[in-house]
Amino acid sequence: MSGTVHPDNRPLFIQIKEKIEDQIVNDQLLEGEQVPSTTQLSQFYKINHITVLKGINLLVDAGLIYKKRGVGMFVADGAKAMLLRTRKNAFAEHYVVPMVQEADKLGLSVDELFQIITQLKGSDSRES
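Per an unreviewed UniProt entry, the protein is named GntR family transcriptional regulator, and its organism is Paenibacillus solani.

In structure tokens:
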């Protein structure tokens, strides 16, 4: 787990939820693996355990993690695939749709748009 919850406008429980989601997507937490307890998370981030529990409960409600009474919390089977599907849909909605709309306004063809994306993606991967 990395450092701190970043100060921003989002509630802390949402930031905790998103941090755990990121760990699942990045294979830092694997399906079937135990998730840190609310006590561990609240001590690590130095925030109230109720705040952590609120974020955890969102993950449980979404079916991404499950609780085993007296044992702990675990990443659910299919959690990574579910998160990737959700994030890809959100990416398309928040980034691709507006980009395509702007491309239409500028009169860019699909080929021109693809070329721009390919150039940007190529230069980005060379820098990494």
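Now that the structure has been shown, we can carry on.
> Requested: an account of the nonpolar core, with residues and values cited.
Counting 18 residues, the largest nonpolar core has I20, I24, V35 and I56 as its most contacted members. Those elements giving two or more residues to this core turn out to be α1 (12-25), α2 (38-45), α3 (49-61), β3 (72-75) and α4 (79-106). For this core, the element with the highest residue contribution is α1, accounting for four residues. Among all residues touching I24, those that are not within four sequence positions of it are L29, V75, A79, K80 and L83.

> If you had to explain the pairing of strand β2 (residues 65-68) to someone new, which residues and values would you point to?
Of the strand pairs in this sheet, β2 and β3 are connected by four bridges, and their pairing is antiparallel. Within β3, the position partnered with I65 by the bridge is V75.

> Before we move on, could you go through the pattern of salt bridges and cite the residues and values that matter?
Here the structure, examined in full by the defined rule, presents six salt bridges. With a shortest N-O distance of 4.0 Å, E21 and R87 are connected by a salt bridge. Linking E21 in helix α1 with R87 in helix α4, this pair joins segments that are 66 residues apart in sequence. Measuring nitrogen to oxygen at the nearest pair gives 2.9 Å for the salt bridge that ties D27 to K80. Highlighted residues: D27 in the loop between α1 and β1 (34-35) and K80 in helix α4, separated in sequence by 53 residues. When its relative accessible area of 23% is taken as the criterion, K80 is described as partly exposed.

> Describe a nonpolar patch on the surface, and please don't skip the residues or the numbers.
The grouping of M99, V100 and I117 at the surface amounts to a nonpolar patch, some 210 Å² of accessible area in total. Mapped onto the elements, M99 comes out in helix α4. The class of M99 is partly exposed, set by a relative accessible area of 32%.

What counts, and where the lines are drawn
Residues numbered from 1 in each chain as written. Predicted model: local features only at pLDDT ≥ 70, side-chain atom pairs only at ≥ 80, totals over all residues. Heavy atoms only, no water. Core = buried A, V, L, I, M, F, W, Y, C linked by side-chain atoms within 4.5 Å. Buried < 20%, exposed > 50% of the residue type's maximum accessible area, 1.4 Å probe, protein only. Helix = DSSP H or I, 4+ residues; strand = E, 2+ residues; numbered from the N terminus. Contact = heavy atoms within 4.5 Å. Pairing = 2+ DSSP bridges. Salt bridge = Lys/Arg side-chain N within 4 Å of Asp/Glu carboxyl O. Patch = residues over 30% accessible without salt bridge, like charges linked within 9 Å, V, L, I, M, F, W, Y side chains within 5 Å. Areas by Shrake-Rupley, 256 points an atom, 1.4 Å probe, with all protein chains shown as cover.

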